[in-house]
Amino acid sequence: MGGRKNPGPPPPLRQGGETLCWHCRNAVPNPETGAGCSWSRKEHAPVPGWTAERRDVQIQKDSRRRVNGDLESYRVLACPEFEEG
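Because the structure is predicted, anything quoted here is derived from the model rather than measured.

In this section: the state of the cysteines. Inspection of every chain in the model, using the stated rule, returns 0 disulfides. Of all cysteine sulfurs in the structure, the one in C37 sits closest to C24, which takes part in no disulfide; the separation is 6.4 Å. C37 provides the cysteine sulfur closest to C79, a residue in no disulfide bond, and the two sulfurs are 6.0 Å apart.

See below:
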């Protein structure tokens, strides 16, 4: 979405919790550059066509957060909206 597409394969991921999103220019929406993806721009719903493992994260309430419990999260292995960056 929003710009050039990377025709090459995504970078290889290390074992463990690393997600493809950490290498993607669309991970953080930016209206000036057009960066952003279905996940980062909207309600954090899985992107159609993803290959991902659900990995919920435990969140503890503190003075900055109002959430307590599990937060839905994913380790993305492949994504049709991936762009290197």
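Our next topic: the packing of aromatic side chains. Two numbers describe a pair of aromatic rings. These are the distance of the centres and the angle of the planes. Inspection of every chain in the model, using the stated rule, returns 3 aromatic pairs. With centroids separated by 5.2 Å and ring planes inclined at 55°, the aromatic side chains of W50 and Y74 adopt a geometry described as tilted. One end of the pair, W50, is in the loop between helix 1 (38-41) and strand 1 (51-54); the other, Y74, is in strand 4 (residues 74-78), and 24 residues separate them in sequence. Clustering of aromatic rings is evident, with ring pairs tying together W39, W50 and Y74.

In this section: the pattern of salt bridges. As enumerated under the stated definition, the model contains 5 salt bridges in all. Salt-bridge contacts for E53 lead to R75; the nearest nitrogen and oxygen are separated by 3.6 Å. Placement of E53 in strand 1 and of R75 in strand 4 is noted, with a sequence separation of 22 residues between them. For the salt bridge of R54 with E72, the shortest nitrogen-to-oxygen distance reads 4.0 Å. One end of the pair, R54, is in strand 1; the other, E72, is in the loop between strand 3 (69-71) and strand 4, with 18 residues separating them in the sequence.

The rules we used
Residues numbered from 1 in each chain as written. Predicted model: local features only at pLDDT ≥ 70, side-chain atom pairs only at ≥ 80, totals over all residues. Heavy atoms only, no water. Disulfide = S-S within 2.5 Å. Phe/Tyr/Trp six-rings, centres within 6.5 Å; stacked < 30°, edge-to-face > 60°. Helix = DSSP H or I, 4+ residues; strand = E, 2+ residues; numbered from the N terminus. Salt bridge = Lys/Arg side-chain N within 4 Å of Asp/Glu carboxyl O.

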